[in-house]
Amino acid sequence: MNALPYTRAQQLPEILKQRLVILDGAMGTMIQQLKLGEAQYRGERFKDFHRDVKGNNELLSLTRPDVIRAIHEKYLAAGADLIETNTFGATSVAQADYDMAELAREMNVASAKLARAACDKYSTPDKPRFVAGALGPTPKTASISPDVNDPGARNIDFETLRAAYLEQVGGLVEGGADVLLVETIFDTLNAKAALFAIDEFFDKSGERLPLIISGTVTDASGRVLSGQTVTAFWYSVRHAQPLAVGLNCALGAALMRPYIQELAKAAPDTFISCYPNAGLPNPMSDTGFDETPDVTSRLLHEFAAEGLVNIVGGCCGTTPEHIGAIARAVGPLAPRGVQAAGFYREAA
């Protein structure tokens, strides 16, 4: 990607040099706690839609914007600096599962506008808030066969992913995103399609947004699902010159520590993000996960005290209470030292 100055969130690199930045927590598990029914997902607009849509959380940005707005505002009130848009599955690839692929762009625009309005409401001169446009991995994988009897089989190709991500990026930027967050990466080839689309959008539009790339280590082997180690993952995506690179989801903070340590060592010139699940899944818990705010915040405090991170927050199972506890726990600590990062490094 070309090393040009950012057109949005220009102050974010300097903020990251000065203090730890707080990302928000889970969206999906917060929605699940509300126990919304099929009719609430459909709203008036989709009341006669031909198939069930319950569970299509991105649709709520169109049918129940009040729900999404309220979740954003709870995280902002808890101290979050960065708010993720409700767009984890808002690609045409993911929405095809609900026969709603044609709504993908509209979902991204609407979701970004909701997050933008919430951030504008809570921003102050000394604590600006930023909208992170979230690009999820999609339910398909370009690197792994869906058929155990045919290792060469694929259910998606690079071009289809690129086109879907290009549409998503356009919607997110139109709606007011400040940052682009390619997250929960389990297949680096999917992520590279997203990065290609982002670069394409930047070249065509003249926009340059800070980029955060976040992988997910799926088991104790320390690899993403498509087989790369954390270091190999970083070397596969660092050409994108992200402002920050990190890990999220999957293992929870306790088991994530060695992989954050590895990433911090592998990427000394790039800010590091970390937003783990609230521990391991527990279906009996209200949030579906075990860790209470004091546990998650203590673990992330340890990461910060060790000088490993610049951006911290929560993934599945975390709540505004978790984010508030994390913000208080890391507030007194200095961020990981980075001389310069990403576009900022070469544009400065």
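Rules used in this analysis
Residues numbered from 1 in each chain as written. Predicted model: local features only at pLDDT ≥ 70, side-chain atom pairs only at ≥ 80, totals over all residues. Heavy atoms only, no water. Core = buried A, V, L, I, M, F, W, Y, C linked by side-chain atoms within 4.5 Å. Buried < 20%, exposed > 50% of the residue type's maximum accessible area, 1.4 Å probe, protein only. Helix = DSSP H or I, 4+ residues; strand = E, 2+ residues; numbered from the N terminus. Contact = heavy atoms within 4.5 Å. Axes fitted to C-alpha atoms, helices over the stretch in contact; angles between N-to-C directions. Parallel < 35°, antiparallel > 145°, perpendicular 65-115°, else oblique. Left-handed = near helix turned anticlockwise from the far one by under 90°. Nonpolar A, V, L, I, M, F, W, Y, C, P; charged D, E, K, R; others polar. Phe/Tyr/Trp six-rings, centres within 6.5 Å; stacked < 30°, edge-to-face > 60°. Salt bridge = Lys/Arg side-chain N within 4 Å of Asp/Glu carboxyl O.

A.B. asks: Would you take a moment to explain the nonpolar core for this structure?
C.D. replies: Nonpolar side chains tend to gather and get buried jointly when the protein is soluble and globular. Judged by nonpolar contacts, the single largest core of 86 residues is most densely connected at M100, L180, I198, I213, I260 and V309. In terms of residue count, helix 9 (residues 188-205) provides more of this core than any other element does, eight residues in total. Not counting residues up to four positions away in its chain, the partners in contact with V309 are L20, I260, I272, C274, F303, A304, P335 and R336. Counting 21 residues, the second largest nonpolar core, distinct from the first, contains V21, L23, F130 and A244.

A.B. asks: How should I be thinking about helix 13 (residues 320-330) in this particular structure?
C.D. replies: Residue pairs spaced three or four apart in an α-helix point in one direction, given the helix's 3.6 residues per turn. Most of helix 13 sits inside the fold, with nine of its 11 residues counted as buried. Next to the buried residues of helix 13 lie strand 1 (21-22), helix 2 (28-33), helix 5 (65-78), helix 12 (293-305) and strand 8 (311-312).

A.B. asks: Sorry if this is basic, but what is going on with unusual backbone geometry here?
C.D. replies: Excluding glycine, most residues fall at negative phi; most peptide bonds, likewise, are trans. With a phi angle near 75°, T138 is a residue other than glycine that sits in the positive phi range. Turning to its location among the elements, T138 is positioned in the loop between strand 3 (130-135) and helix 8 (158-175). Residue T138 is classed as buried on the basis of its relative accessible area of 8%. Backbone geometry at T184 places phi at a positive 50°, although glycine is not the residue there. If you trace the backbone, T184 turns up in strand 4 (residues 179-185).

A.B. asks: For this particular structure, what's the right way to read the packing of helix 11 (residues 253-266) against helix 12?
C.D. replies: The angle between the axes and the distance between the axes are what describe a pair of packed helices. Look at helix 11 against helix 12: their axes get within 10 Å of each other, and the N-to-C directions meet at 15°. In terms of their interaxial angle, helix 11 and helix 12 are classed as roughly parallel. Judged by the twist between their axes, the crossing of helix 11 over helix 12 is right-handed. In this structure, helix 11 uses A253, A254, M256, R257 and I260 to contact helix 12, whose residues at the interface are L299, E302 and F303. Its residues placed into classes, the contact of helix 11 with helix 12 shows six nonpolar, no polar and two charged.

A.B. asks: Is there a simple way to explain the packing of aromatic side chains in this structure?
C.D. replies: Given two aromatic rings, their pairing is described by the distance between the two centres and the angle made by the two planes. Under the counting rule described, the total for this entry stands at two aromatic pairs. When the centroid spacing of 6.2 Å and the interplanar angle of 85° are considered together, the rings of F46 and F49 count as edge-to-face. Accessibility assignment for this pair places F46 and F49 in one class, buried. Each ring, one from F158 and one from F196, has its centre 6.0 Å from the other, and the planes form 80°; the classification is edge-to-face. Of this pair, F158 sits in helix 8 while F196 sits in helix 9, and the two are 38 residues apart along the sequence. We classify F158 as partly exposed; its relative accessible area is 31%. Judged by relative accessible area, F196 falls into the partly exposed class, the value being 48%.

A.B. asks: Help me understand the pattern of salt bridges in this model?
C.D. replies: Opposite charge on two side chains permits them to pair, given that their charged atoms come into close proximity. If you walk through the whole model with that rule in mind, you get 20 salt bridges. Because the salt bridges share partners, they merge into one network encompassing E159, R162, E200 and K204.

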